[in-house]
Amino acid sequence: MLGNVPQLSTPHTSPLLRFEQQLIARSADIEAWFRRQWLSTPPPFYASVDLRNAGFKLAPVDTNLFPGGFNNLAPSMEPLCIQAIQSAVERACPTCNGVLLVPENHTRNKFYLENVASLFELLREAGFHVRIGTLNPEVREATTLSLEISGRQLTLEPLVREGDKVRVGDFTPCLVLLNNDLSAGIPEMLQGISQTVSPPPAAGWHARLKTHHFGYYRDVATEFGKIAGIDPWWVDPRFRNCGQINFMKREGEECLVSNVELLLEDIREKYAEYGIHEEPFVIVKADAGTYGMGVMTVRSADDVREMNRKARTHMSSAKEGREVTGAILQEGVHTFETWGPDNHAAEPVVYMIDRFVVGGFYRVNEKRSNQENLNAPGMSFKPLPFENCCNHPDLSVAPDARPNQFYAYGVVARLALVAAAREIAGLG
């Protein structure tokens, strides 16, 4: 491995190389297209996108509107993060000078708390007064935590509602920035307040569905395919969905079985078109939620029929104790990127603030294969060595050289960001 960049361990580089060549050749048209998208539909405040690079395909598999890994970004990307935050805050609330950061409630997750501390510092360095207001009922007064990993200190204050505004202590913010995905619903504390809340609470996982997001993404990929002169399938994971599912009671099982069969057949047809000899597979996951919960890999309809009780229990559970009631069936995209001498499976996660790619990292999992969900026990994070912001290609080097590989990551991640922007606009 060279320069701490994963190797692409696959012979299937031809379609991806053609894709990278098209990105270089049409980069001016592509960037102009992105600028038009942001004029018509403003980007979310921030987002992270999980990508999978199969050599023959580069596609997003998840888009998170409440990213929780800012502590995993390379320190060299801090100046770009600060500039992007200034742009995002100005877009959300032009006269803002105070930001109230509302994190998740789990104060015992040491890795997540490092994310909160990193985000707090970036907001402060961007030139804003910043406080952290928690919805956790266990925090009844200002509480300072000493973080185990970095040694930093983090002060959480109970969020207080006063009329149509929220505050902490004597601090009433212009902007309420959510880093809480509201899986359990919109708390009464945040309902109907007059302050700007970003991302909007309606975009939380209590209401958001992955099938809706990837429906928007399919349209974006089709439009982009015409601009870039590519088959949209190169960047678009096909999907199907089943409405009401109860894994424990086996309700909706036949819907799952039939849709797995149809999706696998669709994938086989595309593999045959491009001479790909890998085994097709489908990822079945909860239609709402994050943290890698409720995810399984299936290679045939029998894998659904033969799920044991342990597997059904796993698929039934989501964050905040919510029961999984709907599922998305997504085309499985192999990751042929590997990290380290033991060739552990790796996937890039790209972070964006406003319309800018600001960094990212590789999620590496020593316990999972290249066909499985890597957001699971055994994972670790390695910062992406972005030499620049990935918002433009390097025309002086080969299409598959490292800067342009990362530019490709930035393009596909921004396609997901466009889809997320349209998804939020569709919430009304």
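Chemist: Please clarify how the overall build of the protein should be interpreted in this entry.
Modeler: Each helix and strand counted, the protein has 9 helices and 19 strands in total. Against the compact-globule benchmark of 22 Å for 428 residues, the protein has a radius of gyration of 21 Å, which places it among compact chains. Oriented by its inertia axes, the alpha-carbon framework of the protein measures out at about 65 × 60 × 45 Å. A separation threshold of at least 6 residues defines the contact pool for the protein, and within that pool the share at least 24 residues apart is 70%. Accessible surface computed for the protein: about 17,600 Å², of which carbon and sulfur atoms make up 49%.

Chemist: Mind showing me how you'd approach helix H2 (residues 27-40) here?
Modeler: An α-helical segment advances 3.6 residues per turn. Residues three or four places apart therefore align on the same side. Between its first and last C-alpha, H2 extends 20 Å over 14 residues, near the 20 Å set by a 1.5 Å rise per residue. For H2, the full list of buried residues reads Ser27, Ile30, Glu31, Trp33, Phe34, Gln37 and Trp38. Axial view of H2: buried residues confined to an arc of 155 degrees, hence all on one face. The outward face of H2, more than 90 degrees from its buried face, is lined by the exposed residues Ala28, Leu39 and Ser40.

Chemist: Even after reading the chapter, I still don't get the side chain of Ser118, so can you show me in this structure?
Modeler: Positionally, Ser118 belongs in helix H4 (residues 110-125). Look at Ser118 and you get buried, because its relative accessible area is 10%. A distance of 3.2 Å separates a polar atom in the side chain of Ser118 from a polar atom in the side chain of Arg152. Setting aside its immediate chain neighbours within four residues, Ser118 contacts Phe70, Asn71 and Arg152.

Chemist: Mind showing me how you'd approach the sheet that holds strand S11 (residues 196-198) here?
Modeler: The strands that make up a sheet pair up through hydrogen bonds in the backbone, lying either parallel or antiparallel. Strand order across the open sheet formed by 6 strands is S6-S7-S5-S4-S10-S11, with mixed pairing between neighbours. Strand pairing shows two members of the sheet lacking a second neighbour, strand S6 (143-146) and S11, which therefore form its edges. Each strand axis lies, on average, 35 degrees off the axis of its neighbour in the sheet, ignoring direction. Where strand S4 (residues 98-103) and strand S5 (residues 129-134) come together, 4 bridges link them in parallel fashion. Note that in S5 the partner of Gly98 across the bridge is His129. Taken strand by strand, H4 contacts S4, S5, S6, strand S7 (153-158) and strand S10 (175-179), and its axis lies near 170 degrees from that of S4.

Chemist: Where do I start with the packing of helix H3 (residues 78-92) against H4 in this structure?
Modeler: A packed helix pair is summarised by two numbers, namely the angle formed by the two axes and the spacing between the axes. At their nearest, the axes of H3 and H4 sit 9 Å apart, and the two run at 65 degrees to each other. Taken together, H3 and H4 sit at an angle that is classed as roughly perpendicular. As H3 runs across H4, the sense of the crossing is right-handed. On H4, the residues that touch Glu78, Cys81, Ile82 and Ile85 of H3 are Leu122, Leu123 and Glu125. Split into classes, the residues belonging to the contact of H3 with H4 amount to 5 nonpolar, no polar and 2 charged.

About the criteria used
Residues numbered from 1 in each chain as written. Predicted model: local features only at pLDDT ≥ 70, side-chain atom pairs only at ≥ 80, totals over all residues. Heavy atoms only, no water. Helix = DSSP H or I, 4+ residues; strand = E, 2+ residues; numbered from the N terminus. Rg over C-alpha atoms; globule rule 2.2 N^0.38 Å. Contact = heavy atoms within 4.5 Å. Areas by Shrake-Rupley, 256 points an atom, 1.4 Å probe, with all protein chains shown as cover. Expected span 1.5 Å × (residues − 1). Buried < 20%, exposed > 50% of the residue type's maximum accessible area, 1.4 Å probe, protein only. Arc of directions from axis to C-beta. Polar contact = N/O pair within 3.5 Å; in protein donor to acceptor, adjacent residues only side chain to side chain. Pairing = 2+ DSSP bridges. Axes fitted to C-alpha atoms, helices over the stretch in contact; angles between N-to-C directions. Parallel < 35°, antiparallel > 145°, perpendicular 65-115°, else oblique. Left-handed = near helix turned anticlockwise from the far one by under 90°. Nonpolar A, V, L, I, M, F, W, Y, C, P; charged D, E, K, R; others polar.

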